[in-house]
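Chain and residue survey
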Amino acid sequence: MLSSRNIKVECSKIQRGATNKMEAIEGTRDDISSQVGLIWSQVKEPVMVPLLRVAVFVCLAMSLMMLVERVYMGFVICLVKLFGRRPEKRYKWESLKEDVELGNSSYPMVLVQVPMYNEREVYQLSIGAACGLSWPSDRIIIQILDDSTDPSIKELVQMECSRWASKGVNIKYEVRDNRNGYKAGALKEGMKRSYVKQCDYVAIFDADFQPEPDFVWRTVPFLVNNPELGLVQARWKFVNANECLMTRMQEMSLDYHFTVEQEVGSSTYAFFGFNGTAGVWRISALNEAGGWKDRTTVEDMDLAVRASLKGWKFLYLANLKVKNELPSTLKAYRYQQHRWSCGPANLFKKMVMEIMRNKKVSLWKKIYVVYSFFFVRKVVAHINTFVFYCIVLPATVVVPEVAVPKWGAVYIPSIITLLNAVGTPRSLHLLVFWILFENTMSLHRTKATIIGLLEASRVNEWIVTEKLGDALKGKGGGGKAPKKIRFRIGDRIHMLELLVGFYLFFCGCYDLMFGKNRFYIFLYIQSIAFFIMAFGYVGTIVPNS
């Protein structure tokens, strides 16, 4: 047996050994941290500082581009409002009247196209709205272009068309045996029908759009009385804007687009991007431009640019609103934003030289289309929002040798944000949420923009935006409203958003401990927004979906 003295000696040896091991571990940690610190100090000065300074310079230049663009458009809108440049003053407008001798044949023939794809929730509403348009019944044709792959939905749509046909409506139900070209392919196929040759104009409505009965009476006279006009575009009115915070954010962005961007393009250059729906085309202008093409996922913008290069003018009617539905699920919104960001960037790459070589439009219009419409709004705006505010600005916290001037970090984004809020004054109190939401979505849009410019994978991805129809059903159709989304661990996690969230959180912690600028307040809040988006805790979902 060991004596108590021997036991003490052994315990002392064990204790000294443990102490030596702890000291060795701590020494190793100190060595590793010192080595990491040494490597960082060696890399930071010759590599990171110059790169970050270049990045800051480029981002500030892009911010100035965006600021000048916003201020210019704000100035034009003020002039438009001040001098009352209403469409009726800029273009001839006379209501169409029946000719006693010719009867209804004096009215132009109008085709109404409604493309559909598995629209179970909204097909009745859209068909009903199209068939309810007020126009001489023998001078209008309703064309339902059904690309549905679900046989039960196709049957329902066909039955609805038959029901309206039995009421005397001139409605055509058209299907095809493939989905080549998606929406552009369906519209192109619909224009090949023999009865279309007698039509002068074509109105287009997506499946969730519900025009008011007087829509044709308010648009077609502009085209009849002004032969230089090729397109009349109406504004969108969102029926489910109050459904959730995400739809409120969308409303703010889209209201600015319709209130400012479309109005400025129409008032100054008679050009803007066709929104793909709620518009009326002169069929001869559509055909002269080459018809529908499916080379990008923004066939509507593609057609508008080509028609403009042929010399056709466009008119935007801000007072004519068509009801429609905003995507209220994060999945549907992400797919929509991918298409809306990737498509324009890809079209810009395909058409920039064609636009510059064109001889039918003025130099100023070319500059407007290439620089303002495409480069600043469709490329710079997405990339700069993400790179500057979510990557470069946080990086200056870790690399204090590089400073961002206050006018670039605070004043410019504040002015741009306030100018954007003009479109939706009722949501001024949501500006902070809008900034966080837009910064978070800018990652997804930037990725899509780069895919479009490089024509990488997913460049031609087309996924129809899911429509719930709940806000409309509540007016008389019944049906359950979607419930608020409930987070489940098994739900899909968006890894890029998660990584950026951790990056911002790290920069916030670093600034809290070592920084002096107090950026950590913004960094923490923005990182939380990225985490929320990463876990899909945004928007609504349909029960049991």
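If you check an unreviewed UniProt entry, the protein appears there as glucomannan 4-beta-mannosyltransferase from Phaseolus coccineus. Looking at the Subcellular location (unreviewed entry) heading of the UniProt record, one finds this comment for the protein: "Golgi apparatus membrane". Listed in UniProt under the heading Catalytic activity (unreviewed entry), the comment for the protein reads: "GDP-mannose + (glucomannan)n = GDP + (glucomannan)n+1."

Okay, the pairing of strand E1 (residues 110-116) next. Along E1, seven of the seven residues are buried, which leaves the element largely enclosed by surrounding structure. Burial of E1 is two-sided: the residues Val110, Val112, Val114 and Met116 facing one way and the residues Leu111, Gln113 and Pro115 facing the other way are all buried. When E1 meets strand E2 (residues 140-146), the two strands line up parallel, connected through seven bridges. Across the sheet, residue Val114 finds its bridge partner in E2, namely Ile144.

Our focus in this paragraph is the side chain of Ser266. With respect to the helices and strands, Ser266 occurs in helix H7 (residues 245-269). With near-sequence residues (within four places) excluded, Ser266 lies in contact with Arg90, Phe271, Phe272, Phe314, Leu315 and Tyr316.

The next thing to look at is the packing of helix H9 (residues 299-309) against helix H11 (residues 363-398). Look at H9 against H11: their axes get within 12 Å of each other, and the N-to-C directions meet at 165°. In terms of their interaxial angle, H9 and H11 are classed as roughly antiparallel. In this structure, H9 crosses over H11, and the sense of that crossing is left-handed. Contacts between H9 and H11 involve Met301, Val305 and Ser308 from the former and Lys365, Phe373, Phe374 and Lys378 from the latter.

Let us now look at a nonpolar patch on the surface. A contiguous nonpolar patch, built from Ile39, Val43, Val47, Met48 and Leu51 and spanning about 400 Å² of accessible area, is present on the exposed surface. Position of Val47 among the secondary structure elements: in helix H1 (residues 4-82).

On to the side chain of Arg339, then. Relative to the helices and strands, Arg339 resides in helix H10 (residues 330-357). No salt bridge is formed by the buried Arg339; its nearest oppositely charged neighbour, Glu299, is found at 6.2 Å. If near-sequence neighbours (up to four positions away) are discounted, Arg339 is found in contact with Thr297, Val298, Pro344, Trp462, Ile463 and Thr465.

Counting buried positions along H9 gives 11 out of 11 residues, so the element sits mostly inside the fold. Listing the buried residues of H9 in full gives Glu299, Asp300, Met301, Asp302, Leu303, Ala304, Val305, Arg306, Ala307, Ser308 and Leu309. If you follow the buried residues of H9, they end up packed against helix H5 (182-190), strand E6 (279-282), helix H8 (283-288), strand E7 (313-324), H10 and H11. Positive backbone phi, at 100°, marks Gly311, one or two positions downstream of H9.

On to the state of the cysteines, then. Applying the stated criterion across every chain yields a total of zero disulfides. Free of any disulfide, Cys161 has its nearest neighbouring cysteine sulfur in Cys131, separated by 7.1 Å. As a non-bridged cysteine, Cys509 has Cys507 as the owner of its nearest cysteine sulfur, 9.4 Å distant. Take Cys509: its relative accessible area is 22%, and that puts it in the partly exposed class.

This part is about the packing of aromatic side chains. This model, assessed by the stated rule, comprises 28 aromatic pairs. Centre to centre, the rings of Phe388 and Tyr389 are 4.9 Å apart; their planes meet at 45°, and the pair counts as tilted. Residue Tyr389 is classed as buried on the basis of its relative accessible area, which comes to 13%. With centroids separated by 5.0 Å and ring planes inclined at 55°, the aromatic side chains of Tyr510 and Phe514 adopt a geometry described as tilted. Of the two residues, Tyr510 and Phe514 both sit in helix H15 (residues 495-514), four residues apart, roughly one turn of that helix. You can call Tyr510 partly exposed: its relative accessible area is 25%. Stacked on the ring of Trp164, the Lys or Arg Lys167 has its end atom at 4.5 Å from the ring centre. Just above the ring of Phe373 sits the side chain of Lys378; from NZ or CZ to the centre is 5.1 Å.

Okay, the pairing of strand E3 (residues 171-175) next. Pairing geometry for E2 and E3, over five bridges, is parallel. Following the sheet pairing, Ile144 is matched in E3 by Tyr173.

Turning our attention to the nonpolar core. One finds Val112, Ile127, Ile144, Phe215, Trp281, Phe314 and Phe374 to be the most contacted residues of the largest nonpolar core, which totals 93 residues. By residue number, the principal contributor to this core is H11, which donates seven residues. Once you skip the residues sitting within four places of it in the chain, Phe215 turns out to touch Leu133, Ala203, Phe205, Ala234, Ala278, Gly279, Val280, Leu320 and Val322. The next biggest cluster of nonpolar side chains, apart from the first, holds 21 residues, and it includes Leu67, Tyr389, Leu393 and Val399.

Attention now goes to the UniProt feature "transmembrane region" (unreviewed entry) in the protein. When the UniProt feature table is mapped onto this chain numbering, "transmembrane region" (unreviewed entry) sits at residues 54-83, 367-395, 415-437, 493-513 and 519-542. Taken end to end, residues 367-395 has its terminal C-alpha atoms 34 Å apart, with 100% of it in helix and 0% in strand. In residues 493-513, helix accounts for 90% and strand for 0%; the two terminal C-alpha atoms are 30 Å from one another.

On to the sheet that holds E2. In any sheet, the strands associate via hydrogen bonds between backbone groups, in a parallel or an antiparallel arrangement. Read from one edge to the other, the open sheet built from seven strands follows the order E3-E2-E1-E4-E6-E5-E7, with strand pairing classed as mixed. At either end of the open sheet lies a strand with only one pairing partner, and these are E3 and E7. Recorded for the sheet is a direction-independent mean angle of 20° between the axes of neighbouring strands. By the bridge criterion, three bridges tie strand E5 (residues 229-238) to E6 in an arrangement that is antiparallel. The residue bridging Gln233 from the neighbouring strand is Gly279, located in E6.

Cut-off values and rules
- Residues numbered from 1 in each chain as written.
- Predicted model: local features only at pLDDT ≥ 70, side-chain atom pairs only at ≥ 80, totals over all residues.
- Heavy atoms only, no water.
- UniProt positions renumbered as here; feature names shortened; annotations may be inferred.
- Buried < 20%, exposed > 50% of the residue type's maximum accessible area, 1.4 Å probe, protein only.
- Helix = DSSP H or I, 4+ residues; strand = E, 2+ residues; numbered from the N terminus.
- Pairing = 2+ DSSP bridges.
- Contact = heavy atoms within 4.5 Å.
- Axes fitted to C-alpha atoms, helices over the stretch in contact; angles between N-to-C directions.
- Parallel < 35°, antiparallel > 145°, perpendicular 65-115°, else oblique.
- Left-handed = near helix turned anticlockwise from the far one by under 90°.
- Patch = residues over 30% accessible without salt bridge, like charges linked within 9 Å, V, L, I, M, F, W, Y side chains within 5 Å.
- Areas by Shrake-Rupley, 256 points an atom, 1.4 Å probe, with all protein chains shown as cover.
- Salt bridge = Lys/Arg side-chain N within 4 Å of Asp/Glu carboxyl O.
- Lys, Arg positive; Asp, Glu negative; His and termini not counted.
- Disulfide = S-S within 2.5 Å.
- Phe/Tyr/Trp six-rings, centres within 6.5 Å; stacked < 30°, edge-to-face > 60°.
- Lys NZ or Arg CZ within 6 Å of the ring centre and 35° of its normal.
- Core = buried A, V, L, I, M, F, W, Y, C linked by side-chain atoms within 4.5 Å.

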